[in-house]
Amino acid sequence: MMMVTSETAARSTLTLGAVLFNWSPEQWRDYHFRVADEAPVERVCVGEVVCSKRLPFYQDDMPAVIERLQRGGKTVILSSLALPTLPRERKMIDDLLAIPGVLVEASDVSALGPLGGRPHVIGPLINVYNEGTVAFMEKQGAVHICLPPELPMTAMAALAVKATTATLEAWAFGRAPLAISARCYHARIHSLAKDSCQFVCNKDPDGLEVDTLEGRRFLAVNGVQTMSDTVVNLIADVDVLAKCGVGSFRLSPHTCDMVALAQVFRDVLDGTIAAAEGEARVAALMPNAVFSNGFLHGKPGHQRIALAG
């Protein structure tokens, strides 16, 4: 497997996505503080994407987190809510737009109207599947587009050729976000109603595995969100993607050492270590995870296509 040239590596950046799980306020704050000081990433997404009921627990810490990240040289991106339904949820995008000095990431098409005409980011939950969509997003002001995790490499390469003003980003690590529902799976599993859920999703800080009736691993749930059971891991594929024109790679936070994990991706992108060593280091950071990269290779998403050679 060839390594990335220094010219390609200079164009490749890393983004830490928003925390998708229900972490305690202290864990959420301390994670971002450490990322600000130590993580070799260019961008950090902050905000609530999955469930608006979680936001009040850490909302008071957001100004300090944003300031700390900016002081650490990171570009802060405020991620909007997916599937807003209530009036207060629809107002949340306006609240994000009122915060100075940060980009806002659209996680739902309802955010595209308010964001139109100003620089913004398109998140991975918005379906960007073809060149026309990329052109439209760029015309509206998108400067960064995180592509959906189910896109194969061939499609990413085709979109990269057509992108002119926006950087395209691949979902490179983390359980893939597959769907958002108005119903809360975590609450139902615990025989609770969504409105009185008691925030039971905090019992599963990396998501709750769901098995089939035959006892086989299937999916994972995170409140109202359906995710992949496997953890997407493109550490062996980032060099090829970079050469195809993908300019950035997104790492989705889990409870492993995300600073160390980001360093592994940075080292592979820089050509400091080979992809095989990067794979071994990532596996050591999440020893119980089952990794996958099937979507990228046009295969079922749960599959792991082994590193050639």
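That block above? That's the structure.
Residues numbered from 1 in each chain as written. Predicted model: local features only at pLDDT ≥ 70, side-chain atom pairs only at ≥ 80, totals over all residues. Heavy atoms only, no water.

Participant: Would you mind going over the environment of methionine 153 with me for this structure?
Facilitator: One can find methionine 153 in helix H8 (residues 153–162). For methionine 153, a relative accessible area of 16% gives the class buried. Separated by 142 residues in the primary sequence, methionine 153 and phenylalanine 295 have C-alpha atoms spaced 8.3 Å apart. Ignoring any residue separated from it by four or fewer positions in sequence, one finds methionine 153 in contact with Val240, Leu241, Cys244, Leu296 and His297. (Helix = DSSP H or I, 4+ residues; strand = E, 2+ residues; numbered from the N terminus. Buried < 20%, exposed > 50% of the residue type's maximum accessible area, 1.4 Å probe, protein only. Contact = heavy atoms within 4.5 Å.)

Participant: Hey, could you run me through the side chain of histidine 186 in this one?
Facilitator: Take histidine 186: it is sitting in helix H9 (residues 185–189). On the basis of relative accessible area, histidine 186 is assigned to the buried category, the value being 0%. When residues no more than four places from it in sequence are discounted, the contact partners of histidine 186 are Val200, Cys201, Asp204, Leu208, Val221, Asn222 and Gly223.

Participant: Honestly, the pairing of strand S7 (residues 167–180) in this entry has me stumped. Any pointers?
Facilitator: The two faces of a sheet get side chains in turn, since along a regular strand they alternate between them. Burial analysis of S7 places ten of its 14 residues in the buried class, which makes it a mostly covered element. With three bridges connecting them, strand S6 (residues 142–146) and S7 associate as parallel partners. Note that in S7 the partner of isoleucine 145 across the bridge is leucine 168. Pairing of S7 with strand S11 (residues 248–251), which is carried by four bridges, proceeds in the parallel orientation. Bridging from a neighbouring strand, glutamate 169 pairs with serine 248 of S11. Pairing geometry for S7 and strand S10 (residues 225–233), over six bridges, is antiparallel. Paired with isoleucine 180 across the bridge in S10 is glutamine 225. (Pairing = 2+ DSSP bridges.)

Participant: What's the story with helix H2 (residues 25–38) in this structure? I'm lost.
Facilitator: Each turn of an α-helix holds 3.6 residues, which means side chains three or four residues apart point in the same direction. Look at H2: 20 Å from first C-alpha to last across 14 residues, which is about the 20 Å you get at 1.5 Å a residue. Buried within H2 we find Trp28, Tyr31, His32, Phe33, Val35 and Ala36. Summarising the contacts, the buried residues of H2 are in contact with strand S1 (13–16), strand S2 (43–46), helix H3 (55–58), helix H4 (62–71) and helix H11 (258–270). (Expected span 1.5 Å × (residues − 1).)

Participant: Mind showing me how you'd approach the pairing of S10 here?
Facilitator: S10 sits mainly inside the fold: nine of its nine residues count as buried. As paired elements, strand S9 (residues 217–222) and S10 share four bridges and run antiparallel to each other. Bridge pairing in S10 links valine 221 to threonine 226.

Geometry only, nothing functional implied.
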